[in-house]
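Structural features, examined
The chain contents come next:
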Amino acid sequence: MTKRLALCGYILVFANLSASFTWAADSHEKSAEKQKIAFSDLSKIVMEKNENVEAANLHTTAQKLRTGRLGRSFMPQLSATAGAEQFRNGTSDFQPQDYWKIEGTFNLYRGGRDRLEDKIRSTNLNLSRTLFSAVFQKELKEARLAYWNILAFSRQIADRNEALKINETNLRSAKRRAGAGLTTTADAKQFELHRISLNREIAKLKLEMDLSRNQLALALGLNEHKNIEVVGEFPEVSSKDFDIPKALTDKHLTVKLQKDLETIEQLKANQSSAWWQPRVDLYADVGLPALSDETDRAVGKRIEQTAGIRFTVDLGQGFEDHREASARQAEAASFRKKAAHAVREGEALDHELKHDLSVLAELIGSADQDVQVAESFLKLTESEFNRGVKNGPDLLEAVQKYFDFRDKRTEYYRDFFTTKAELESLSLLDQE
């Protein structure tokens, strides 16, 4: 009986361990699933998952909630006061007594300050939208740059793996020729050394691709970069790639940012300049005064009612507001100058990037032809090597030239589309 119980215990333990290992294996398999990302997915993922973009969007929401100040300024302002006090006047002691007061004020006139404050808040909303666009375009640009880099590294790794296969074929051929006495063993050694070089390049490219995956994960707001799999290829360059309109002055992010800041400072300067205009309020209150304020009325429990119009001018603040208005004017002029410089800078950068696109497009077109010529030269060299006309170094040089031209073409494609990403990141993103 004891042996049977022990056997049952072993079986249960084994079953639990087996289930645990199965669960762990399934979890590992699920965690190892590749997350496929296409170029068309980048914008949506950045918008939904990038923390900086989310923060900028929340800031815009906050600024939107602050708008409508002018309408709210005409809403009645109510205040209530209540309490109890012990009061003594000389030798007279009074019984503790409650007091209370309810007061309402209604804004009649603020010298335009409320209207200016409303405009300031609306401009702050526009500024926050500009900042949102700047943050989104920056993060999207980083994601696109990483995407094109990963594609380039993937193609270069594939090219080197193909070069390894060709190198192994040439190595076997060189060994056969050396065995037949048609050449020396030095030819085979050169191919062996080339294999070592290719393996080192593959290892380096894999490291660089991992770094780009990490950058892509950061821009996309993903927790894990190891499982990212970029899908797609470099598209063919066409005339549509050049249909990027010149960033208009009011759509250029830097220019729009400076102009919004200039507007805000100018509005604040106008606010400070209105210090001499009175504040006019309609007010009314009702309440029971405190013993320390109105002893007779408080003791008599006589409720007070008051209504009237109040004019207020803060003369002591006038000098400081005058100085502040001058300072705000100077700040506005500063941002105006920065905006003017940003216009020049934006036009120069737009011209530079479009010129780079044009040059890279020409290089891509010639690179395709160069690769075809190098491929023809390689096939010819292989044929002559097999007939004994060319030796190992000649064939190795032809192979290296062929893959060098393919490498250059890949670099041109990467540079073209990263330059395009830079150009597209200059303009303002419309956001409702």
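This structure is a prediction, so every number in the text was calculated from the model and none was measured.

Right, let's get into the packing of helix 7 (residues 253-273) against helix 9 (residues 315-386). Two numbers describe how helix 7 lies on helix 9: the axes approach to 8 Å, and their chain directions differ by 165°. Looking at the two axes, helix 7 sits roughly antiparallel to helix 9. When the axes of helix 7 and helix 9 are compared, the crossing they make is left-handed. Residue classes in the contact of helix 7 with helix 9 are distributed as nine nonpolar, seven polar and 10 charged.

The next point concerns the sheet that holds strand 8 (residues 304-312). Here four strands make up an open sheet; going across it, the order is 2-5-7-8 and the pairing antiparallel. The open sheet has two edge strands, strand 2 (77-85) and strand 8, and neither has a second partner. Pairs of neighbouring strands in the sheet enclose a mean axial angle of 20°, with direction left out of account. As paired strands, strand 7 (residues 279-288) and strand 8 are joined by nine bridges and run antiparallel to one another. Each bridged residue has a counterpart across the sheet, and for Leu 282 the counterpart in strand 8 is Ile 309.

This part covers helix 10 (residues 392-424). Along its 33 residues, helix 10 runs 48 Å from first to last C-alpha, staying within 8% of the 48 Å computed at 1.5 Å per residue. The N-terminus of helix 10 is capped by Asn 391, whose side-chain oxygen sits 3.2 Å from the backbone nitrogen of Asp 394.

Moving on, we come to the environment of Glu 201. By the secondary structure assignment, Glu 201 is in helix 6 (residues 186-220). C-alpha of Glu 201 to C-alpha of Ile 157: the two residues are 44 residues apart in sequence and 8.3 Å apart in space.

Here we come to a nonpolar patch on the surface. Taken together, the side chains of Phe 74, Phe 106, Leu 108, Tyr 109, Leu 282, Ile 309 and Phe 311 present a nonpolar region at the surface, about 670 Å² in accessible area. Mapped by element, the contributors of at least two residues to the nonpolar patch are strand 5 (97-109) and strand 8. Counting residues per element, the nonpolar patch draws most heavily on strand 5, which supplies three residues. On the secondary structure map, Phe 106 appears in strand 5. In this structure Phe 106 comes out as partly exposed when scored by relative accessible area, which is 31%.

It is worth spelling out the pattern of salt bridges at this point. Evaluation of the coordinates by the stated rule reveals 26 salt bridges. For Arg 155, the salt bridge goes to Glu 233, with nearest N and O atoms at 3.5 Å. You can see Arg 155 sitting in helix 5 (residues 113-179) and its partner Glu 233 sitting in the loop between strand 6 (228-230) and helix 7, a full 78 residues away along the chain. In this structure Arg 155 comes out as partly exposed when scored by relative accessible area, which is 22%. Judged by relative accessible area, Glu 233 falls into the exposed class, the value being 56%. In this structure, Lys 189 and Glu 192 form a salt bridge, with 3.5 Å as the shortest nitrogen-oxygen distance.

Cut-offs used in this document
Residues numbered from 1 in each chain as written. Predicted model: local features only at pLDDT ≥ 70, side-chain atom pairs only at ≥ 80, totals over all residues. Heavy atoms only, no water. Axes fitted to C-alpha atoms, helices over the stretch in contact; angles between N-to-C directions. Helix = DSSP H or I, 4+ residues; strand = E, 2+ residues; numbered from the N terminus. Parallel < 35°, antiparallel > 145°, perpendicular 65-115°, else oblique. Left-handed = near helix turned anticlockwise from the far one by under 90°. Nonpolar A, V, L, I, M, F, W, Y, C, P; charged D, E, K, R; others polar. Pairing = 2+ DSSP bridges. Expected span 1.5 Å × (residues − 1). Polar contact = N/O pair within 3.5 Å; in protein donor to acceptor, adjacent residues only side chain to side chain. Patch = residues over 30% accessible without salt bridge, like charges linked within 9 Å, V, L, I, M, F, W, Y side chains within 5 Å. Areas by Shrake-Rupley, 256 points an atom, 1.4 Å probe, with all protein chains shown as cover. Salt bridge = Lys/Arg side-chain N within 4 Å of Asp/Glu carboxyl O. Buried < 20%, exposed > 50% of the residue type's maximum accessible area, 1.4 Å probe, protein only.

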